[in-house]
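# Residue-level structure breakdown
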Protein chains: 4
Amino acid sequence: MKRIGILTSGGDCQGLNAAIRGVAKALYEEFGDNVEIYGINDGYRGLIEGNYKRMKPENFSGILTLGGTILGTSRQPFKLMRVIDENSVDKVKNMKDNYKKMKLDCLVVLGGNGTHKTANLLSEEGLNVVSLPKTIDNDVWGTDMTFGFHSAMDIAANVLDCIHTTATSHGRVFIVEIMGHKVGWLTLYAGIAGGADVILLPEIPYDIDSIVKTIRQRNESGKRFSILAVAEGAMSKEEAKLSKKEFKAARASMTYPSISYRLAKEIGDKTGQEIRVTVPGHFQRGGSPCPYDRVLSTRFGAAAAKLIVQKQYGNMVALQNGKIVPVPLSEVAGKLKTVPKDCDVIQTGRDIGICFGD
Amino acid sequence: MKRIGILTSGGDCQGLNAAIRGVAKALYEEFGDNVEIYGINDGYRGLIEGNYKRMKPENFSGILTLGGTILGTSRQPFKLMRVIDENSVDKVKNMKDNYKKMKLDCLVVLGGNGTHKTANLLSEEGLNVVSLPKTIDNDVWGTDMTFGFHSAMDIAANVLDCIHTTATSHGRVFIVEIMGHKVGWLTLYAGIAGGADVILLPEIPYDIDSIVKTIRQRNESGKRFSILAVAEGAMSKEEAKLSKKEFKAARASMTYPSISYRLAKEIGDKTGQEIRVTVPGHFQRGGSPCPYDRVLSTRFGAAAAKLIVQKQYGNMVALQNGKIVPVPLSEVAGKLKTVPKDCDVIQTGRDIGICFGD
Amino acid sequence: MKRIGILTSGGDCQGLNAAIRGVAKALYEEFGDNVEIYGINDGYRGLIEGNYKRMKPENFSGILTLGGTILGTSRQPFKLMRVIDENSVDKVKNMKDNYKKMKLDCLVVLGGNGTHKTANLLSEEGLNVVSLPKTIDNDVWGTDMTFGFHSAMDIAANVLDCIHTTATSHGRVFIVEIMGHKVGWLTLYAGIAGGADVILLPEIPYDIDSIVKTIRQRNESGKRFSILAVAEGAMSKEEAKLSKKEFKAARASMTYPSISYRLAKEIGDKTGQEIRVTVPGHFQRGGSPCPYDRVLSTRFGAAAAKLIVQKQYGNMVALQNGKIVPVPLSEVAGKLKTVPKDCDVIQTGRDIGICFGD
Amino acid sequence: MKRIGILTSGGDCQGLNAAIRGVAKALYEEFGDNVEIYGINDGYRGLIEGNYKRMKPENFSGILTLGGTILGTSRQPFKLMRVIDENSVDKVKNMKDNYKKMKLDCLVVLGGNGTHKTANLLSEEGLNVVSLPKTIDNDVWGTDMTFGFHSAMDIAANVLDCIHTTATSHGRVFIVEIMGHKVGWLTLYAGIAGGADVILLPEIPYDIDSIVKTIRQRNESGKRFSILAVAEGAMSKEEAKLSKKEFKAARASMTYPSISYRLAKEIGDKTGQEIRVTVPGHFQRGGSPCPYDRVLSTRFGAAAAKLIVQKQYGNMVALQNGKIVPVPLSEVAGKLKTVPKDCDVIQTGRDIGICFGD
């Protein structure tokens, strides 16, 4: 009898249930009645507290299109890691103890960057771990794509579409703030898909004058509106010179709720135009996964099950060049996949006249 | 030869182009080559400045599903009215002069409450005016429904749907701020459609303790999340006692960007739970009209054309008990259609356990 | 203790679960722990066979946006009625016996026309029955609107939208077959919302030459494509002269899978143009209810619960002039709400140049 | 002065306008006023007949999300090739003559497999040609992905989603016929995304008994419904033994409108269950491109412009391992990219218990 635990950790995103279903269906297909799956509640917290339930095959039916996660999640990995630094024994020990108490053969973990740090830690501590890369940010190292990203792109692009019609009718400048504190994948792709005129990413510090110039040129050429797709983590060239700590402090003391509002003030002052801000926020990570994400999640899920069959523990399933491959957790943990400045999608943006503010 | 001018005024919404197309197609169907349609640019501003263009039949093709307005709009009606109070001759005179210079038989106006004040003024000044009620707020007096409302409801309900999956997964309290400074129709309908647990409308001042109690009861009954649909103009019982002027002043000096952020702080303090805020903003008024709005806009448009045929000027087309009827502009102007506290949709909300905060 | 049975019967549609949730939430809100709700499986068949389950409050959570029906359904009402004619005792007696065995205070029935015949029969036989009008056809007598209709309209209009872009690009004639064997509400509304050029309803027999003339005129005016929205039950003027029996026989012996294919052949022969047919079929009745239907279903559900509280049995909840009212089952049963030829939506279609084939 | 011609050929799909816009925007960005773009109407037919128009920059604005093609298209490439075989001089000569008369520096062609045969022919005949791979079938050799595919997948998966709710409620077997006469990419991906239980592709001949067995097993395990995603070109093992010619003849003489209806009859006879068929048809290739396709189209468009800048004629732009690369037309022409039986997406399907009928 195989005993498999499964948990979802970190901020939720679309496709978690599709991936869980993929893992489970593939395990049942492989092992039939000889596998027991345990759903661990609310991410690592459930493993720490021994809070879990035995799942039945029917629990995994009908969840392919369901948003969120049937297992619940909690956003504690980073805090958890910090606590471990100070007082490490307890939480990690608890997780190891519960893993053993549950007599698990493998722990399947679905999460983003923080989650993978912990997954790697548990793997180093001797647990059998297999992981799946989920996040709307697409910033997990080692995989070309994470699930959730395309669903969030659909939503963010749809917001840009709707804003377009209002911007055109009123002749206004609009800023749409798109999720992504550290990386700009979502803003880049949604921005191009949504026809943004200016795209600001954390990876490319902006010069306010360059943005203003673009807006002015559009006005002069008879286009009455401009749309800016701005990542939460977009920063000015001046800010880019700050240390991480200084930057954090500067942002914390900023009088605006977010960068978009600051930009709106600055651009409004310089152009005399009315600037409107839209912040779709968590809306971007909820709802049904798009078909792309359902397929990717299912492929990841089935591949994770296969790693368990082959006892290839300590790996994350990843998409590389169109194929699903295992990547060692040690290679993934602690890294961030940012947008390379020379990537062809940025080049495409420049080719069609989009301003990146630099 | 009939000469008809048409303009869209005020904040844009879905269905404007569908309505414009309806007016035009019905006029061409009726008068054939014996009608000329003039598109007046950017709302009343275009009429004041004599900025317009002769439209051709093909300009009205393919715009049924197009968001925004092909005529452009401007949000000046209230300012306009103020200017008229002080220095009335010029702007109104300009509009009258241009109407005559254009040799119009009728001016077709698409707009909300502010627009209708001006439309009535122009009608009283002797111009032939026919109007259509557009706004996502559904607050135009004299009609059961305005176009734009259902499209905005679709968007706001979709935001609530997406937030639902995240709220469920994380066990959080979410506030979704829905457009509506003066009336709560959109928040009420979207809130019920989106399964909100608490709905706050401008029409029903809230008691913060009542909201907190509802959240606590949900927690105690094992429901880990709560979703609040909050109108921009929601106000507390204390605020409801203020005069209009005092209320405005209080809000202007509020340290939060909007009521939702203040509620988040208050509820967070009282419950100790994490409260997240989502503000879809202008996203709610953009994009393609939903099929309901396309049909309603088209019916309104064709009915407006019929009023022109019958020379029934000075009227707004309205939906009453499922039928399209004319309503005199003088009855519409200056009034606001708020949500009656005893309306059956509010009662339905109470019947299924939704808290209205009172 | 109140004991309430609930069943969904006939072809499924969007909003059934939302309505079930509305009934249940309102009953729990009213009676608290003093009500027991029994879900009867697969429509009347479950009542005949005594196949049901006790529901718990949590069964009604999270189903607002879920398509289909959690209770299952079966399409047997008409067959049932026929069997009753020949051999009536058994089935009706079984239903009455099971109602008594379950000690029900009231049976809540969600269904369309066939369902309401049986509901009325059971009411006449002495059972306490309250019903809700569901169908994408909107053909239930006594109510201005049924739930399901607007969701199906959204889907059918979306199909027309997509076909539009292909038709325009290729310069083709397209036929989209829309559900509705007896009534044309769905085809009429979706047709206008989707910008169809020709709309054929069962209520308005068509003349093929009139259709061909419209297509030719469009071609001559430079429009390269035409789109026909055709109800399943559309019929020619010749067919309209047949008796019901003759018509059925004629259709049964038709060599085409449906009327659309026959029209395609006839129009193709007369115009020499390529005609394409799309049949979205059951796709139109599935998936999540649109926000409009969620609100309507919830209002109907809460109103049905209120009828139970007030012991106003023998009624269907209905929408009349924007208000929810009870209508005696005896008034509803056996009638069909067809599209009146003078209704303003048809007039709107004519006003904007849509051909109805007559 | 650069003079560039552009045409779209073959069946339309989503993303054509986005790609056209990408080409144009990138050319204007590169050459400024030193480029003239000529839109050739209705595919190769326009080149043969010399039917084209000078485009202006504003023609390419606002078309990113527009379905269809602003240039029109015609489905003539194969017929064209046949005519060339018999009587080759005329049509090809006409195209060459018009290319010269228009003084083009390059012809940009957007199309699928047939289109690429002709593109290669024209290239071999000495014209400067650059092409982009468009088709919902994703069957163009040399590129991992074509644009249109993901938009069609979204639609087909959505149809499956909606059918799911009805199938579940009624306990029925449903067949959804998905576009693809020669290849099964769309059916495979939409089938997995939509949770189909049986997926039939042209690449994997099916055994009817294997399908029936799957349906029976599902019934026995308590699942009351089964959903089949069937490619238009699905064929039985018996049919797979036929020569191409024999197969065509067999299908032509088939009494069913398509394979789905034949399967419905066969499965119905063997299981005694009610089988319903849905054929979304051309609906799958229309409407707005999804955000994925908008990004891919734009990348392809900008890359095609770059090939023109670099005078790298005779190439198709392609996606390979996440990068946009040129592929010689001679390598693309006449080939078909079918689904490899060992591809991991098929394996994923098998892993989660989907039946491929073999």
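This one's a predicted model, so the numbers in the text were calculated from it and none came from an experiment. (Residues numbered from 1 in each chain as written. Chains lettered and ligands numbered in written order. Predicted model: local features only at pLDDT ≥ 70, side-chain atom pairs only at ≥ 80, totals over all residues. Heavy atoms only, no water.)

### Describing the UniProt feature "active site" (unreviewed entry) in chain A
Residues and elements named next belong to chain A. Those places that UniProt annotates as "active site" (unreviewed entry) correspond, in this numbering, to D137. Residue placement: D137 occurs in the loop between β5 (129-135) and β6 (147-148). Excluding anything up to four places from it in sequence, D137 contacts F149, M179, G180, V183 and W185. (UniProt positions renumbered as here; feature names shortened; annotations may be inferred. Helix = DSSP H or I, 4+ residues; strand = E, 2+ residues; numbered from the N terminus. Contact = heavy atoms within 4.5 Å.)

### Quick look at the interface of chain B and chain A
Listed as interface residues are 32 residues of chain B and, on the opposing side, 32 residues of chain A. Between chain B and chain A lies a buried interface of about 2400 Å² when both sides are counted; carbon and sulfur atoms form 55% of it. Applying the counting criterion to the chain B and chain A interface returns two salt bridges. Across the pair D42 of chain A and R224 of chain B runs a salt bridge whose closest N-O atoms are separated by 2.8 Å. Those elements that place two or more of their residues in the side of chain B that touches chain A are α6 (149-170) and β10 (275-278) of chain B. Broken down by element, the side of chain B that touches chain A gets its largest block of residues, nine residues, from α6 of chain B. Looking at the side of chain B that touches chain A, its residues break down into nine nonpolar, 16 polar and seven charged. (Buried area = accessible area lost by both parts, 1.4 Å probe. Salt bridge = Lys/Arg side-chain N within 4 Å of Asp/Glu carboxyl O. Nonpolar A, V, L, I, M, F, W, Y, C, P; charged D, E, K, R; others polar.)

### Describing the interface of chain D and chain A
A common way to express how large an interface is: the accessible area buried when the components associate. On the chain A side, the residues contacting the 38 residues of chain D number 38 residues. Buried surface at the junction of chain D and chain A, summed over both partners, amounts to about 3100 Å²; 57% is from carbon and sulfur atoms. Broken down residue by residue, the surface that chain D buries against chain A is led by V295, D351 and I352 of chain D, which jointly contribute 18%. Ionic pairing is found between R294 of chain D and D161 of chain A, a salt bridge with its closest N-O pair at 2.8 Å.

### Remarks on the packing of helix α12 (residues 291-309) of chain A against helix α14 (residues 344-351) of chain D
It is the contact of α12 of chain A with α14 of chain D, at a shortest axis distance of 9 Å, that shows an interaxial angle of 70 degrees. Judged by the inter-axis angle, α12 of chain A sits roughly perpendicular to α14 of chain D. Of the residues in α14 of chain D, those in contact with T298, R299, A302 and K306 of chain A of α12 of chain A are D344, V345, Q347, T348 and D351 of chain D. Of the residues belonging to the contact of α12 of chain A with α14 of chain D, the class tally is two nonpolar, three polar and four charged. (Axes fitted to C-alpha atoms, helices over the stretch in contact; angles between N-to-C directions. Parallel < 35°, antiparallel > 145°, perpendicular 65-115°, else oblique.)

### A word on the domain arrangement of chain A
All names here are of chain A. The assigned domain composition of chain A is domain 1 (2-147 + 289-332) and domain 2 (152-285). For domain 1 versus domain 2, the distance between C-alpha centres works out to 34 Å. Listed as interface residues are 10 residues of domain 1 and, on the opposing side, 10 residues of domain 2. The contact between domain 1 and domain 2 buries some 900 Å² in all, and 48% of this surface belongs to carbon and sulfur atoms. Joining domain 1 to domain 2, the criterion identifies one salt bridge. Here R285 makes a salt bridge to D12, at a shortest N to O gap of 3.9 Å. (Domains from an automatic or database assignment.)

### Here we look at the packing of aromatic side chains
Residues and elements named next belong to chain B. By the definition in use, this model includes 24 aromatic pairs over all chains. Arranged with centres 6.5 Å apart and planes meeting at 40 degrees, the rings of W185 and Y189 form a pair that is tilted. Of this pair, W185 and Y189 both sit in helix α7 (residues 185-193), four residues apart, which is roughly one turn of that helix. In terms of burial, W185 and Y189 fall into one category: buried. Above the ring of W185, the side-chain terminus of K337 is found at 5.4 Å from the ring centroid. (Phe/Tyr/Trp six-rings, centres within 6.5 Å; stacked < 30°, edge-to-face > 60°. Buried < 20%, exposed > 50% of the residue type's maximum accessible area, 1.4 Å probe, protein only. Lys NZ or Arg CZ within 6 Å of the ring centre and 35° of its normal.)

### Some details on the relation of the copies chain D and chain A
Between chain D and chain A, which share one sequence, the superposing operator has a rotation angle of 180 degrees and an axial displacement of 0.0 Å; the RMSD is 0.0 Å. In symmetry terms, the pair is related by a two-fold rotation axis. Proximity to the rotation axis, assessed at the C-alpha, singles out N321 of chain D in chain D; its C-alpha lies 2.1 Å from the axis. Interface residue correspondence from chain D to chain A reaches 100%, placing this contact among same-surface, isologous pairings. (Least-squares fit on C-alpha atoms with pLDDT ≥ 70 in both.)

### Re helix α6 (residues 149-170) of chain D
In an α-helix, one turn spans 3.6 residues; hence positions three or four apart end up facing the same way. Residues and elements named next belong to chain D. Between its first and last C-alpha atoms α6 spans 31 Å; for 22 residues at 1.5 Å apiece the expected length is 32 Å, and the two agree. Among the 22 residues of α6, 18 are classified as buried, and the element is accordingly described as predominantly covered. After α6 finishes, the residue G171 shows a positive phi value of roughly 65 degrees. (Expected span 1.5 Å × (residues − 1).)

### A closer look at the arrangement of the chains
For chain A and chain C, which are not in contact, the least C-alpha distance works out to 10 Å. Between chain B and chain D there is no contact, and the shortest C-alpha to C-alpha separation is 10 Å.

### Some remarks on the sheet that holds β10 of chain B
Residues and elements named next belong to chain B. A sheet is described by the order of its strands in space; here four strands give the open sequence β8-β9-β7-β10, paired in parallel fashion. Every other strand in the sheet has two partners, leaving β8 (198-200) and β10 as the edge strands with one partner each. Averaged over all pairs of adjacent strands, the angle between their axes in this sheet comes to 20 degrees, without regard to strand direction. Note: β8 against strand β9 (residues 226-231), three bridges, orientation parallel. Across the sheet, the residue bridging to L200 is V230, located in β9. Each of β7 (173-178), β8 and β9 touches helix α8 (residues 208-220); the most contacted strand, β9, lies at about 155 degrees to it. (Pairing = 2+ DSSP bridges.)

### Things to note about the relation of the copies chain B and chain A
When chain B is brought onto chain A, the operation consists of a screw motion whose angular component is 180 degrees and whose axial shift is 0.1 Å, with 0.0 Å RMSD remaining. Of all interface residues in chain B, 100% are interface residues in chain A too; the two copies therefore contact each other through one and the same surface.

### Some thoughts on the sheet that holds strand β10 (residues 275-278) of chain C
Sheet strands pair via backbone hydrogen bonds, and the direction of the pair is either parallel or antiparallel. Residues and elements named next belong to chain C. Taken in spatial order, the four strands line up as β8-β9-β7-β10 in an open sheet, and their pairing is parallel. Of all strands in the sheet, those bounded by a partner on one side alone are β8 (198-200) and β10. Shown here is a sheet whose adjacent strand axes are inclined to one another by a mean of 20 degrees, direction ignored. Two elements, strand β7 (residues 173-178) and β10, share four bridges in a ladder whose sense is parallel. Each residue of the ladder has a partner; that of F174, found in β10, is R276.

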